[in-house]
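Summary of the model geometry
So you can see what is in the structure, the chains are spelled out below.
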Amino acid sequence: MTTKALLAGVALAALGTGAAAQTVGFSQIGSESGWRAAETTVTMQEAEARGVDLRFSDAQQRQENQIAAMRSFIAQGVDAIFVAPVVATGWDSVLEEAAEAEIPVILLDRMVDSDPSLYLTAVGSDLVHEGSVAGQWLVDTVGEEACRVVELQGTTGSSPAIDRANGFREAIEGHANIEIVRSQTGDFTRSGGKEVMESFLQAEGGGADICALYAHNDDMALGAIQAIKEAGLDPGDDILIVSIDAVPDIFQAMADGDANATVELTPNMAGPAFDALDAYMADGTMPEKFIQTESALYTQDDDPLAQYEARKDLGY
Ligand code: AHR
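Notes on the structure follow. Values in this document were obtained by computation on a predicted structure and should not be read as measured data.

This next bit is on the packing of aromatic side chains. One pass over the full model with this rule turns up four aromatic pairs. Plain terms: the ring middles of Phe-26 and Phe-56 are 5.6 Å apart, the flat faces sit at 65 degrees to each other, and that makes the pair edge-to-face. Taken as a pair, Phe-26 in strand E1 (residues 23-28) and Phe-56 in strand E2 (residues 53-58) lie far apart in primary sequence, 30 residues in all. Overall, the relative accessible area of 33% leaves Phe-56 in the partly exposed class. With 4.0 Å between their ring centres and 10 degrees between their planes, Phe-168 and Tyr-214 make a pair best called stacked. Here Phe-168, found in helix H6 (residues 159-172), pairs with Tyr-214, found in strand E8 (residues 212-215); they are 46 residues apart in sequence, far enough to count as distant.

Glu-32, Ser-33, Trp-35, Arg-36, Asp-109, Arg-110, Pro-160, Arg-164, Phe-188, Asn-217, Asp-245 and Leu-265 make up every residue found near the ligand. Contact between the ligand and Asp-109: an oxygen atom at 2.6 Å from a side-chain N or O atom of the residue. In this structure, an oxygen atom belonging to the ligand sits 2.9 Å away from a side-chain N or O atom of Asn-217. When isolated, the ligand has an accessible area of 280 Å², and the protein chains bury 100% of it. Its atoms largely coinciding with the cavity grid, the ligand occupies the largest cavity.

Moving on to unusual backbone geometry. Even without being glycine, Gln-61 reaches a positive phi, approximately 70 degrees. Structurally, Gln-61 can be placed in the loop between E2 and helix H3 (63-76). The backbone of Asp-187 shows a phi angle near 60 degrees, a positive value even though the residue is not glycine. Position of Asp-187 among the secondary structure elements: in the loop between strand E7 (178-185) and helix H7 (190-203).

Turning our eyes to something else, we now look at empty space enclosed by the protein. One simple way to see leftover space: roll a probe sized like a water molecule over the atoms. In this structure the tally under the stated criterion is two cavities of 30 Å³ or more. By volume, the largest cavity amounts to about 100 Å³. Lining the largest cavity we find 13 residues, and of these Trp-35, Arg-36, Arg-110, Arg-164 and Phe-188 sit closest to its centre. Contributions of two or more residues to the lining of the largest cavity are made by helix H2 (34-49) and H6. If you add up the space inside the second largest cavity, you get close to 30 Å³. Residue lining of the second largest cavity: Leu-107, Leu-108, Asp-109, Arg-110, Met-111, Ala-122, Val-123, Gly-124, Ser-125, Leu-127 and Phe-290, and that is the complete set.

In this section: the sheet that holds strand E10 (residues 261-264). The strand order across the open sheet formed by six strands is E7-E6-E8-E9-E10-E12, and the pairing between neighbours is mixed. Single-partner strands in this sheet number two, and they are E7 and strand E12 (297-299). Sheet twist, expressed as the average angle between the axes of neighbouring strands with direction ignored, equals 20 degrees. In this sheet, strand E9 (residues 240-245) lies alongside E8 in parallel orientation, the contact comprising three bridges. Residue pairing in the sheet places Leu-213 in a bridge with Ile-241 of E9.

A few words now on the pattern of salt bridges. Pairs may arise between side chains of opposite charge once their charged atoms sit close together. Tallied over the entire structure, the rule returns 23 salt bridges. Arg-71 is the salt-bridge partner of Glu-97, the closest N and O atoms lying 2.7 Å from each other. In this pair, Glu-97 is assigned in helix H4 (residues 92-100) and Arg-71 in helix H3, connecting sequence segments 26 residues apart. Within this structure, Glu-32, Arg-36, Glu-39, Asp-109 and Arg-110 form a network of salt bridges that share partners.

In this structure, Met-44 sits in helix H2. Considering only alpha carbons, one finds Met-44 and Gly-174, 130 residues apart in sequence, at a separation of 44 Å. Each residue touching Met-44, except ones within four places of it in the same chain, is listed here: Leu-54 and Phe-56.

A separate point is the nonpolar core. Membership of the largest hydrophobic core comes to 53 residues, with the highest contact counts inside it found for Val-24, Phe-82, Leu-108, Met-197, Leu-213 and Leu-277. Per element, the largest residue contribution to this core is seven residues, and it comes from helix H8 (residues 218-230). Among all residues touching Leu-277, those that are not within four sequence positions of it are Ala-21, Val-24, Ala-80, Phe-82, Pro-104, Ile-106 and Leu-120. If you look at the next biggest cluster of nonpolar residues, it comprises 20 residues, including Ala-69, Trp-91, Val-94 and Ala-122.

In contact at an axis separation of 7 Å, H7 and H8 are set at 45 degrees when each is read in the N-to-C sense. In terms of their interaxial angle, H7 and H8 are classed as oblique. Classified by chirality, the crossing of H8 by H7 is right-handed. Of the residues in H8, those touching H7 at Arg-190, Gly-193, Lys-194, Met-197, Glu-198 and Leu-201 are Asp-219, Met-220, Leu-222, Gly-223, Ala-224, Gln-226, Ala-227, Ile-228 and Glu-230. When the residues that make up the contact of H7 with H8 are grouped by side-chain class, the tally is seven nonpolar, three polar and five charged.

Parameters at a glance
Residues numbered from 1 in each chain as written. Predicted model: local features only at pLDDT ≥ 70, side-chain atom pairs only at ≥ 80, totals over all residues. Heavy atoms only, no water. Phe/Tyr/Trp six-rings, centres within 6.5 Å; stacked < 30°, edge-to-face > 60°. Helix = DSSP H or I, 4+ residues; strand = E, 2+ residues; numbered from the N terminus. Buried < 20%, exposed > 50% of the residue type's maximum accessible area, 1.4 Å probe, protein only. Near = heavy atom within 4 Å. Polar contact = N/O pair within 3.5 Å; in protein donor to acceptor, adjacent residues only side chain to side chain. Areas by Shrake-Rupley, 256 points an atom, 1.4 Å probe, with all protein chains shown as cover. 1 Å grid on protein atoms, 1.4 Å probe; cavity = no way out; pocket = protein on both sides within 12 Å on 5 of 7 lines; lining within 4 Å. Sits in = over half its atoms within 2 Å of the grid points. Points joined across faces, edges and corners; volume = space filled by probe spheres on them. Pairing = 2+ DSSP bridges. Axes fitted to C-alpha atoms, helices over the stretch in contact; angles between N-to-C directions. Salt bridge = Lys/Arg side-chain N within 4 Å of Asp/Glu carboxyl O. Contact = heavy atoms within 4.5 Å. Core = buried A, V, L, I, M, F, W, Y, C linked by side-chain atoms within 4.5 Å. Parallel < 35°, antiparallel > 145°, perpendicular 65-115°, else oblique. Left-handed = near helix turned anticlockwise from the far one by under 90°. Nonpolar A, V, L, I, M, F, W, Y, C, P; charged D, E, K, R; others polar.

Below, the structure written as structure tokens:
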């Protein structure tokens, strides 16, 4: 740990003003997916319900925009900063600047490789576990059958892309019948998923050689489903589809038989983040460094239409 990081840790530990946060800056990645839109909506709703002035900045997928927004929040003297970091590296300087200004930073849904003393806490799922739940579903579903898998990865360098790839590989390890034959980023977008899936289909005998698609999020899976249909194949049947997020549209696709399984990622990262911040500001209570959300598996057996109905008005 650097001296700066140590000092920052001391500065954070010393806070505890007795007053609730009034202004919070939120640096959001962008709006690449339905899940991201829902996280933005929920964060705004949570702030409003708590009477917090939320200063929102959309980085349009660019880390430099996030860093500039965080510097602006520091200059404004906000009580705290929430950031959903687009990639995992390159945050040390701005986190040190926030710590020196005694502004606690809370990470939402993605991780950074900085020293943990530089942020108050991180709220998110176990991203490796999510990938492993998806991989285990495939292992259980195909049994001993040979299965050539194509993988749509998330944004290169982001913690979910790295960890969901690793978790899936951990789950299929030791199952020689399951092989990842192609892997490429679709940048967590529907259009990216469609475009990359088209190239996978072309390279794999028009899709005849593909047994399953593993997509790091539902939006890419939904784009890929469209590509598979346009290639004259039946998604969910000719090609198994497993992905992550549990957005309403994937449940509609499951109800239609076009998708097979998804792993839920709650968009409500802000609720636990505000709770941790409130306790910290009230009396200096230090939260756990990682506040973990659940990662439940849903399949076609879980009444997908009911799941769709339950989620469709939640801001996705
Ligand atoms: O960081 C969470 C991921 O980011 C979600 O799974 C994905 O949909 C989003 O873009």
